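Chains, contacts and geometry: an overview
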2 protein chains.
Amino acid sequence: MTDSEPARIVEEARRVIDEIDLAILVLLNRRAEQVRRIGTAKRVLGEPVYQPDREERIFDRVVGANTGPLEDAALRRLFERILDESRRLERMS
Amino acid sequence: MTDSEPARIVEEARRVIDEIDLAILVLLNRRAEQVRRIGTAKRVLGEPVYQPDREERIFDRVVGANTGPLEDAALRRLFERILDESRRLERMS
């Protein structure tokens, strides 16, 4: 079943992706820890969870550092989801 | 402006988040490279881009390794976005 060259490529690439996904998971959770710290601190400060200027700076920073192959628009959509979840988590902090 | 303890926490946590975001960016692009390899190989094999079984295995794997503070449902939503973008990229490969 996996004896052809393209089948081997799929299998190997999936193995690499599986490793990358676990590394992404670790980073997302580390990020979430910081988001919770921010949520608690902002409550003390009376600052709002949603701060559009900060979110724009995050987008600009990652898009500015993007080398591809992900397109900037795709990257922006991915970080929109990350920031959505961050806001949700911050509200629960 | 940032002379209170909570303000310092926000500032420091944002600095950590900025570093994490660049690391996530690198991983997302590495992942995208593998997705493109898979896209090309699948075309040769005549396999479809959308393979729900493989996607379910990816969800199960990351949710199974999740230690929080991200909730499983949040993690799933994040990986849904990653897989959406992967499908898009695979189609362009």
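Residues numbered from 1 in each chain as written. Chains lettered and ligands numbered in written order. Predicted model: local features only at pLDDT ≥ 70, side-chain atom pairs only at ≥ 80, totals over all residues.

When its secondary structure is counted, chain A shows three helices and zero strands. Mapped from its N terminus to its C terminus, chain A presents α and β elements in the order α-α-α. Relative to the compact-globule value of 12 Å for 93 residues, chain A shows a C-alpha radius of gyration of 18 Å, a clear excess of over 25%. C-alpha extents for chain A along the principal axes are approximately 60 × 25 × 15 Å. The buried share among the 93 residues of chain A stands at 26%. In chain A, 55% of the contacts between residues at least 6 apart in sequence involve partners at least 24 apart. (Helix = DSSP H or I, 4+ residues; strand = E, 2+ residues; numbered from the N terminus. Rg over C-alpha atoms; globule rule 2.2 N^0.38 Å. Buried ≥ 20, exposed ≤ 12 C-beta atoms within 10 Å, placed from the backbone. Contact = placed C-beta atoms within 7 Å.)

Averaged over all residues, the pLDDT of chain A is 95; the fraction at 70 or higher stands at 98%. Quick note on the complex model: pTM equals 0.95, ipTM equals 0.95. (pLDDT = per-residue confidence, 0-100.)

A few words on the relation of the copies chain B and chain A. Superposing chain B onto chain A takes a rotation of 180 degrees combined with a translation of 0.0 Å along the rotation axis, leaving an RMSD of 0.0 Å. Put plainly, the chains are arranged around a two-fold axis. Among all residues of chain B, the minimum C-alpha distance to the rotation axis is found for I24 of chain B, at 3.1 Å. The fraction of interface residues of chain B whose copies in chain A are also interface residues reaches 100%, indicating that both copies meet through the same surface. (Least-squares fit on C-alpha atoms with pLDDT ≥ 70 in both.)

This part takes up the interface of chain B and chain A. Each partner contributes residues to the interface: chain B has 45 residues there, and chain A has 46 residues. Residue assignment for the side of chain B that touches chain A shows that the elements contributing at least two residues are α1 (5-45), α2 (52-64) and α3 (72-92) of chain B. Top element by residues in the side of chain B that touches chain A is α1 of chain B. It accounts for 29 residues. Of the residues contributing to the side of chain B that touches chain A, the split by class is 27 nonpolar, five polar and 13 charged. (Nonpolar A, V, L, I, M, F, W, Y, C, P; charged D, E, K, R; others polar.)

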